[in-house]
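What follows is the residue order along each chain.
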Amino acid sequence: MIGSRIAAVGHYQPARVLTNEDLAGMVDTSDEWITSRVGIRTRHIAGPDEPVDELAAQAAGKALAAAGRTADDIDMVLVATSTAIDRSPNMAARVAARLGIPGPAALDLNVVCAGFTHALATADHALRAGAATRALVIGADKMSEVADWTDRSTCVLVGDGAGAAVVETAAEPGVGPVLWGSVPEMGHAVRIEGTPPRFAQEGQSVYRWAATRLPVIARQACEKAGLAPEDLAAVVLHQANLRIIEPLAARLGAVNAVVARDVTESGNTSAASIPLALSKLVERGEVSTGDPVLLFGFGGNLSYAGQVVRCP
């Protein structure tokens, strides 16, 4: 059977950096309070002239260049985002227009923080079925636009950015089988609701769920790929909170793996967090071509999706 592989990745973050000290001048908080609870020190914030599709297109352009591909080579565009304000045209169509991609299948997926791993699985399935040959899979979110900047429990978490992957058919599969699911009866734990939409969450509920349920699920994702956690070269979890990432990676048992900790400098970028963190690991040479990497998204709905991929 034809499989798929990630040919290249790329990422983009806005130039403006918001520090914990900056936030301390906006709400009742401090650098010590933020770092001790979530591990975040800085985050990038997009301006009013930087919409989600621009963030996405910037990351996608870098991924295309790294893969040695052009817009004409792409026949599918998938954008994972939960911060698309307009309903139509969707983000995927807008990205395709920005990049000049002719006539692709253009789909948005809203699975919040697990969006990228859901989109990657969807692209893998489409390529395996012969419905596409080369896809752009993008996670992009502008969380600053849905943040309540008066709520210190949530505004300190968020950042903006995008990450992208060029995914293409391959005789030797480089994207492992996905393990995905949700806990819809707990969907209220993470919300982006209202007019205007605002991000809110029940932090303790999310933390307990992540700490107790997710290590087992992440190990099952490894099992579906036929690997033990100790075989992993890297673990890229959704960059929600360092107090979730580090214990989850430890309980997974990936003792030989590099653990992505991009949350410290980027904050929670929702669907962008996994491809953003993976792209930085590749850029810094912390992982090598062919290395097995666990990607594992979790968050809103409470949804999760994970798969082992081979590093581009």
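Above this note sits the structure.
Basis of the calculations
Residues numbered from 1 in each chain as written. Predicted model: local features only at pLDDT ≥ 70, side-chain atom pairs only at ≥ 80, totals over all residues. Heavy atoms only, no water. Buried < 20%, exposed > 50% of the residue type's maximum accessible area, 1.4 Å probe, protein only. Helix = DSSP H or I, 4+ residues; strand = E, 2+ residues; numbered from the N terminus. Pairing = 2+ DSSP bridges. Contact = heavy atoms within 4.5 Å. Salt bridge = Lys/Arg side-chain N within 4 Å of Asp/Glu carboxyl O. Expected span 1.5 Å × (residues − 1). Phe/Tyr/Trp six-rings, centres within 6.5 Å; stacked < 30°, edge-to-face > 60°. Lys NZ or Arg CZ within 6 Å of the ring centre and 35° of its normal.

Which residues make up the pairing of strand E7 (residues 160-170), and what values go with them?
With 10 of 11 residues buried, E7 lies mostly within the body of the structure. Sheet topology places strand E1 (residues 3-12) next to E7; nine bridges connect them, and they run antiparallel. Looking at the pairing, Gly-10 lines up with Ala-164 of E7. Relative to E7, strand E6 (residues 134-142) runs antiparallel, the two being bridged by nine bridges. In the strand pairing of E7, Lys-142 is matched with Asp-160.

An account of the side chain of Ser-270 is needed here, citing residue identities and associated values.
Locating Ser-270 in the fold gives a position in the loop between helix H9 (263-266) and helix H10 (273-283). When near neighbours in sequence (up to four residues on either side) are disregarded, Ser-270 contacts Ser-82, Val-112, Cys-113, Asp-141, Met-143 and His-238.

Would you mind going over the pairing of strand E10 (residues 198-201) in detail, with residue names and values included?
Pairing geometry for strand E9 (residues 190-193) and E10, over four bridges, is antiparallel. Residue pairing in the sheet places Glu-193 in a bridge with Arg-198 of E10. Connecting E9 to the antiparallel partner E10 that follows it, the hairpin turn spans four residues, and Gly-194 within it adopts a positive phi of roughly 95 degrees.

Before we move on, can you summarise the pattern of salt bridges with the specific residues and values?
Under the defined criterion, the tally for this structure stands at 13 salt bridges. We note a salt bridge from Arg-98 to Asp-53, for which the minimum N-O separation is 2.6 Å. Highlighted residues: Arg-98 in helix H4 (residues 91-99) and Asp-53 in helix H3 (residues 52-67), separated in sequence by 45 residues. The class for Arg-98 is partly exposed, based on a relative accessible area of 44%. Look at Asp-53 and you get buried, because its relative accessible area is 7%. Put simply, Arg-5, Arg-69, Arg-134 and Glu-168 are held in one network by salt bridges that share partners.

Hey, could you go over H3 for me, with residue numbers and the actual values?
Helix length check: H3, at 16 residues, gives a terminal C-alpha distance of 23 Å against a target of 22 Å (1.5 Å per residue), a fit within 8%. Inspection of H3 places Val-52, Asp-53, Leu-55, Ala-56, Ala-57, Ala-59, Ala-60, Ala-63 and Leu-64 among the buried residues, and these make up the whole buried set. Where the residues of H3 are buried, they touch E1, H4, E6 and E7.

For unusual backbone geometry, give the residues involved together with the corresponding values.
Omega for the peptide link from Ser-88 to Pro-89 comes to 0 degrees, which places this bond in the cis form. Looking at the element boundaries, Pro-89 is found in the loop between strand E4 (76-80) and H4. With an omega dihedral of 0 degrees, the bond running from Thr-195 to Pro-196 counts as a cis peptide bond. Tracing the backbone through its elements, the reader meets Pro-196 in the loop between E9 and E10. Even without being glycine, Ser-270 reaches a positive phi, approximately 55 degrees. Looking at Ser-270, the relative accessible area reads 0%, which means it is buried.

I'd love a proper account of the packing of aromatic side chains, names of residues and values included.
For the coordinates displayed, the defined rule picks out one aromatic pair. When the ring of Phe-296 is compared with that of Phe-298, the centres are 6.2 Å apart and the planes differ by 40 degrees; the resulting orientation is tilted. Assigned by exposure class, Phe-296 and Phe-298 land together as buried. For the cation-ring pair, Arg-243 lies above Tyr-207, with the distance from its terminal atom to the ring centre recorded as 5.5 Å.

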